[in-house]
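Each chain, letter by letter, is given below.
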Amino acid sequence: MAKVLVSDSIDPVGVEILSQVAQVDVKTGLSAEEIIQIIPEYDALMLRSSTRVTKEIVEAGSKLQIIGRAGVGVDNIDVPAATRQGIIVVNSPEGNTIAAAEHALAMMLSLSRHIPDANQSVKANKWERNRFIGTEVYKKNLGVVGLGKIGSHVAAVARSLGMKILAYDPFISKERADQLGCTLVDLELLFAESDFITLHVPKTPETQHLIGRETIAKMKPTVRIINCSRGGIIDELALIEALESGRIAGAALDVFEQEPLGESRLRELSNVILTPHLGASTTEAQVGVAVDVAEQIRDVLLGLPARSAVNIPGLTPDVMEKLRPYLQLAETMGNLVSQLAGGRCDSLNVRLQGELATKDSQPLVVAAIKGLLSQALRERVNYVNAAIEAKERGIRVIETRDASTRDYSGSIHLEANGSMGTHSVTGALLSTGEIRITDLDEFPINVPPSNHMLFTLHQDMPGIIGKIGALLGSFNVNIASMQVGRKIIRGDAVMALSLDDPLPEGLLSEITKVPGIRDAYTVKL
Ligand SMILES: NC(=O)c1ccc[n+]([C@@H]2O[C@H](COP(=O)([O-])OP(=O)(O)OC[C@H]3O[C@@H](n4cnc5c(N)ncnc54)[C@H](O)[C@@H]3O)[C@@H](O)[C@H]2O)c1
Ligand SMILES: O=C(O)[C@H](O)COP(=O)(O)O
């Protein structure tokens, strides 16, 4: 039975789902060293933001198939290291959107009305009505940095509070911003005009210290900054100085450069609200992310695809549904052409034809590469690492699309150059879903792939088929099916044979000695 390690606390419903297919061990609060010790025995790892999945952990996870982040941000996982190891990384892109947006809004309103301090004061038996004069958000400018899922919901609710939304997001169109009732501005204007600034961007090299000394200098002295995205997007030291000097009016932080927050002057400031990374901490969101991610782990352990893999670009559920039958075709053709070309290939041309000539079909290229590398890497190659492995081996992959080829509704043509020269194959699907090899080295054929195959390039002349049949018979190899393809009578031809048995040692060289045979290849599919 598969084993799953759950290293952060998740809703029990997640454990229930995982238990359908695996032994589940919930062990929270482990150190990196402790995880490295035990991870080799696990097939999957499920976590939230507390566990840091380092390169060392990934490399120690020799059986790991999948790492599931019960939440959005995967910045605590070394995704490139996982990708290199062929480990799928999944998250729950939408499971906690509303929770995080509502937390940011709660922070904004709490800041503007001093709710936490007023609460503490009353609980301390005081009645300080004059100390807690607030500001209204109505008709104020809210600067939203990052107009993605959370940012858009914050903007929508804030608009209904009567706020004007200035948004900055270089990857969002003006039309989308208009639809959301936001004014798309540059960062300079957002910093200069906003009364509240709320951050909803991922942590990337571009967003690291987006709010720092220089940018704070451009803001209004009355501005209040809310960060429920990621620690490190604000330079904490610069923020503390600005809050201490009164350069800005306040800040509300749910995320920190170091978590848990250690020694920090932030704790001493009265114009700051701090929460311990609670953005996603609602009952609804925790059920949502746990179900979302546990289901994906369960599916992957059952050999099914994951719906939100962050390291398999383009393989969304819709695309997957459409391409599913063709993925096996592309992989089989990749495997076939690599064996014909001699394994060590330096280039692979992938031509997607007919209805497959669309942008969405990119995963078929990955499937073809996976097939190409499967002889060398066996189960170590998968949809996650195929492209990287090809690049590292110096294989040049060239993709083309040709919508005009319509002999089948969709077909895949591959050409590979390897130690045995350049060879090409084309494959298509019948309406029944069966795979057909429809072309080999530009010779038309129509054969299903089978476990053991023999291909010959020979001179089209009487007697040659009989000789090959007799030779196979003398070695007790049974022929399941046979087909010949040629372009002109008595020119060159190819023969494709499906065999019930593997070719015994020495037989291939006997075949190549038959007069008229130019070349012969055995293939295992
Ligand atoms: N505090 C929490 O508990 C909590 C909960 C959920 C999500 N988050 C964090 O909130 C953030 C937003 O999550 P989301 O689900 O809305 O993500 P999202 O991907 O839907 O949105 C992110 C937006 O940021 C934009 N963006 C990227 N780089 C940018 C840049 N340099 N400048 C401006 N915009 C940029 C993207 O175009 C995108 O629209 C993430 O960092 C996520 O990890 C925190
Ligand atoms: O990226 C996220 O989903 C949030 O930061 C939530 O983190 P958590 O799952 O540790 O609460």
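Our subject in this report is the structure included herewith. A quick note: this is a predicted structure, and the numbers were derived from the prediction, not measured.

1. Overview of the state of the cysteines
Taken as a whole and assessed by the stated rule, the structure comprises zero disulfides. A disulfide-free cysteine, C182 has its sulfur positioned 17 Å from the sulfur of C228, the nearest such atom. With a relative accessible area of 4%, C182 lands in the buried category.

2. A few points about a nonpolar patch on the surface
A contiguous nonpolar surface patch, about 260 Å² in accessible area, is contributed by I465, I479, M482 and V484. No other element matches the three residues that strand β20 (residues 479-486) contributes to the nonpolar patch. In this structure, M482 sits in strand β20. What makes M482 partly exposed here is its relative accessible area of 33%.

3. Here's the deal with the site of ligand 1
For ligand 1, the set of nearby residues contains 25 residues, the closest of which are K149, I150, D169, V201 and D254. A distance of 2.8 Å is found between an oxygen atom of ligand 1 and a backbone nitrogen or oxygen belonging to V201. In the model, an oxygen atom of ligand 1 is placed 3.4 Å from a nitrogen or oxygen of the G279 main chain. Here the residues of the shell around ligand 1 are counted per class, giving twelve nonpolar, nine polar and four charged.

4. Some thoughts on the nonpolar core
Among the nonpolar cores identified, the biggest contains 74 residues, and M46, I88, I297, L348, L364, L414 and F455 are the most heavily contacted of them. I297 has contacts with V4, L18, A44, L45, M46, I66 and G68, leaving out every residue within four places of it along the chain.

5. Topic: the site of ligand 2
Every residue lining ligand 2 is accounted for by R48, S49, R69, A70, G71, V72, G73, N96, R230, H277 and A280. Here R230 contributes a side-chain N or O atom positioned 2.6 Å from an oxygen atom of ligand 2. H277 is positioned with one of its side-chain polar atoms (N or O) 2.6 Å from an oxygen atom of ligand 2. A breakdown of the residues in the shell around ligand 2 according to their chemical character gives three nonpolar, five polar and three charged.

6. Topic: the pairing of strand β17 (residues 435-440)
Burial analysis of β17 places six of its six residues in the buried class, the great majority of the element. Two strands pair when backbone bridges link them, and strand β16 (residues 421-429) and β17 are joined in this way by five bridges, in the antiparallel orientation. Directly across from V425, in β17, lies its bridge partner L440. Remark: five residues form the turn of the hairpin made by β16 and β17, two consecutive strands paired antiparallel; G433 in that turn has positive phi of roughly 95°. The pairing of β17 with strand β18 (residues 443-447) spans three bridges and is classified as antiparallel. By the bridge assignment, D439 is partnered in β18 with P444. The antiparallel hairpin formed by β17 and β18 contains two residues in its connecting segment, where D441 sits at a positive phi of about 50°.

7. Focus: the side chain of R436
With respect to the element layout, R436 can be found in strand β17. Under the relative-accessibility criterion, R436 is labelled buried at 14%. A distance of 3.3 Å separates the side chain of R436 from the side chain of N446, its partner in a polar contact.

8. Some words on the sheet that holds strand β3 (residues 44-47)
Read from one edge to the other, the open sheet built from five strands follows the order β2-β1-β3-β4-β5, with strand pairing classed as parallel. The strands lining the two open edges of the sheet, one partner per strand, are β2 (22-26) and β5 (88-90). Pairs of neighbouring strands in the sheet enclose a mean axial angle of 15°, with direction left out of account. Examined bridge by bridge, β3 and strand β4 (residues 66-69) share four bridges and lie parallel to one another. By the bridge assignment for β4, L45 is matched with I67. Lying on the sheet, helix α1 (residues 12-19) is in contact with β1 (2-6), β2 and β3; it crosses β2 at an angle near 150°.

About the thresholds
- Residues numbered from 1 in each chain as written.
- Chains lettered and ligands numbered in written order.
- Predicted model: local features only at pLDDT ≥ 70, side-chain atom pairs only at ≥ 80, totals over all residues.
- Heavy atoms only, no water.
- Disulfide = S-S within 2.5 Å.
- Buried < 20%, exposed > 50% of the residue type's maximum accessible area, 1.4 Å probe, protein only.
- Patch = residues over 30% accessible without salt bridge, like charges linked within 9 Å, V, L, I, M, F, W, Y side chains within 5 Å.
- Areas by Shrake-Rupley, 256 points an atom, 1.4 Å probe, with all protein chains shown as cover.
- Salt bridge = Lys/Arg side-chain N within 4 Å of Asp/Glu carboxyl O.
- Helix = DSSP H or I, 4+ residues; strand = E, 2+ residues; numbered from the N terminus.
- Near = heavy atom within 4 Å.
- Polar contact = N/O pair within 3.5 Å; in protein donor to acceptor, adjacent residues only side chain to side chain.
- Nonpolar A, V, L, I, M, F, W, Y, C, P; charged D, E, K, R; others polar.
- Core = buried A, V, L, I, M, F, W, Y, C linked by side-chain atoms within 4.5 Å.
- Contact = heavy atoms within 4.5 Å.
- Pairing = 2+ DSSP bridges.
- Axes fitted to C-alpha atoms, helices over the stretch in contact; angles between N-to-C directions.

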